[in-house]
Amino acid sequence: MVAPVPGGEDKPLFNGTDLSGWVNVIGASESWTVNSNSISAAGIPRSVLRTDQQYENYILEFEYKKPMSYGRAGILIHSDALPAKGSPWPRGINIQFWGSGNGLIEPAGGASIQAVKNPPLQKVDGDSTGGGPPSAGEGWHHIRVESSDGTVTLRVDGTPAAMGLYASLRKGYIALKADGSQIQFRNIRIRELPASDLSSEQVANKDRGFVSLYNGRDVGKHWELLPGHRGHWTAEDWLINYDGKSEEERKSLWSKEEYGDFILMADMKFTGHPEMAESPVVLPTGDNLKNEDGSNKMVVVPYAGDTGIYVRGSSKNQVNMGNRFIGSGEIYGYRADRDMPREVRQALVPRVNADAPPGEWNRYVITMKGDRIGIVLNGRVVIDDARLPGIAPRGKIALQDDHGSGNRFVFGNVYIKELE
């Protein structure tokens with residue numbers, strides 16, 4: 001048993017019987033379970049189980065046991081509610097530990113902290129990301145983390161293991177990590193310390209009611225995985241992978257449920273090798289720029305493929321994704337429709353090309369309310385409350401196959417919040 005924390009009241013964060021007070025961020029119930037008074041993680045998909053409330057200054061203590069010698073053991077503190085772009089982990093302060101007195105404190109997902117003591121780490125066989133001495137078979141280890149006004153310290157089995165200063169995030173969720181192998185946590189408790197006056201930038205992003213549309217294990221739980229999709233739209237850890245070769249006539253991956261008003265978040269990355277390709281120059285009016293002979297003016301850009309997200313059940317409502325001159329986020333079915341009013345077409349031309357380079361992650365946040373759509377790409381507004389005349393009030397969502405073109409890509413961190 002963990003000894004009482006001296007000098008103040010401590011409270012359990014785990015009741016020993018169920019996951020009350022915790023949030024399974026990716027949503028697969030079998031990923032995090034309770035067995036023999038401990039929380040057990042399967043390891044795959046990589047994911048986090050976080051507290052349902054945020055904490056600032058505190059002393060956190062728990063025990064962990066790792067049956068396997070591969071994979072990593074760790075937690076995140078001061079974390080956001082949802083994963084960072086292109087990662088299964090939220091932004092926060094990453095704390096890792098291997099065996100007695102060996103640990104690491106480092107930033108994750110865009111946070112920052114200055115490491116003071118990080119002992120040399122030995123690589124574990126099978127762990128390409130680095131690691132430390134295997135702790136499998138060594139029984140339970142005791143972890144003590146203290147966070148106070150931006151200073152974070154780690155003790156492993158009573159031995160100082162790591163320290164970090166000037167943490168950019170100082171209040172947020174506590175998240176247990178499933179990082180490629182089985183791990184167990186027990187006797188998790190916290191003693192809160194006096195709070196400080198924090199700026200909004202020092203507080204992690206709060207839970208806004210998003211739910212996952214992919215649980216890291218089964219594409220078919222939330223999506224219509226047709227027979228010809230199998231082996232092509234596949235679950236690969238925390239990612240939905242598409243090889244561009246669905247054998248179905250309707251090759252896109254459609255959701256099982258219909259949605260009306262919502263905010264949808266999705267990360268996307270092309271996995272094919274980029275090549276230089278021609279792309280038409282699109283004017284702010286929504287029209288293509290023409291050469292003197294009337295042909296479309298073209299420019300050469302690095303291009304790795306094309307995909308998109310259909311909303312409200314129709315390909316006309318496609319949020320385009322691809323490295324083109326115009327930039328991602330346009331609603332092509334409306335922008336190119338000359339029967340639409342000019343002001344409608346103009347509003348559906350991206351304000352700015354906010355695409356990451358081919359092969360890098362892009363994060364889309366799509367807001368649909370009534371017949372209005374807004375799109376934020378990589379933190380920049382590309383479509384601002386534009387009107388989609390005649391759009392259906394509800395419909396399914398689809399991850400798009402680009403008409404059998406063979407484009408390859410992955411989606412991750414697909415979350416939705418339905419609006420009233």
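Residues numbered from 1 in each chain as written. Predicted model: local features only at pLDDT ≥ 70, side-chain atom pairs only at ≥ 80, totals over all residues. Heavy atoms only, no water.

Trainee: Would you mind showing me how to read the pattern of salt bridges here?
Mentor: Pairs may arise between side chains of opposite charge once their charged atoms sit close together. What the rule picks out here adds up to 20 salt bridges. As a salt-bridge pair, R338 and D287 come within 3.3 Å of each other at their nearest N and O atoms. Of this pair, R338 sits in the loop between α1 (332–335) and α2 (342–347) while D287 sits in the loop between β21 (275–280) and β22 (298–303), and the two are 51 residues apart along the sequence. Of the residues examined, R338 reaches a relative accessible area of 59% and is grouped as exposed. Since its relative accessible area comes to 13%, D287 is described here as buried. (Salt bridge = Lys/Arg side-chain N within 4 Å of Asp/Glu carboxyl O. Helix = DSSP H or I, 4+ residues; strand = E, 2+ residues; numbered from the N terminus. Buried < 20%, exposed > 50% of the residue type's maximum accessible area, 1.4 Å probe, protein only.)

Trainee: How do you make sense of the environment of I44 when you look at a structure like this?
Mentor: Here I44 lies in the loop between β4 (38–41) and β5 (47–51). On the accessibility criterion, I44 (42% relative accessible area) is partly exposed. Separated by 39 residues in the primary sequence, I44 and P83 place their C-alpha atoms 16 Å from one another. Beyond its immediate stretch of four places on either side in the chain, I44 contacts G180, R217 and D237. (Contact = heavy atoms within 4.5 Å.)

Trainee: Just checking my understanding: could you explain the pairing of β4 for this structure?
Mentor: Where a strand is regular, its side chains alternate between the two sheet faces. Residues S38 and S40 point to one face of β4 and I39 and A41 to the other, with burial holding for every one of them. The antiparallel pairing of strand β3 (residues 32–35) with β4 creates a hairpin that spans two residues between the two strands, and S36 there sits at a positive phi of about 50 degrees. The pairing of β4 with strand β15 (residues 183–192) spans three bridges and is classified as antiparallel. Looking at β15, one finds that I39 is bridged to F185. (Pairing = 2+ DSSP bridges.)

Trainee: Help me out: how do you make sense of the packing of aromatic side chains in this one?
Mentor: What describes a pair of aromatic rings is the distance from one ring centre to the other and the angle between the planes of the rings. By the definition in use, this model includes twelve aromatic pairs. Taking 5.4 Å as the distance between ring centres and 45 degrees as the angle between the ring planes, the aromatic pair formed by Y242 and F409 counts as tilted. You can see Y242 sitting in strand β18 (residues 239–242) and its partner F409 sitting in strand β29 (residues 409–418), a full 167 residues away along the chain. Side by side, Y242 and F409 carry an identical accessibility label, which is buried. With a centroid separation of 5.6 Å and 40 degrees between ring planes, the pair formed by W254 and Y310 is classed as tilted. A residue pair is termed long-range when its members are at least 10 positions apart, and W254 in strand β19 (residues 253–259) and Y310 in strand β23 (residues 306–310) qualify at 56 residues. Both residues of the pair, W254 and Y310, count as buried. Ring-pair connections join several aromatic residues into one group, and the members of that group are W233, Y242, F270, F409 and F411. Here the guanidinium or amino end of K316 rests over the ring plane of Y334, the centre of that ring lying 4.7 Å away. (Phe/Tyr/Trp six-rings, centres within 6.5 Å; stacked < 30°, edge-to-face > 60°. Lys NZ or Arg CZ within 6 Å of the ring centre and 35° of its normal.)

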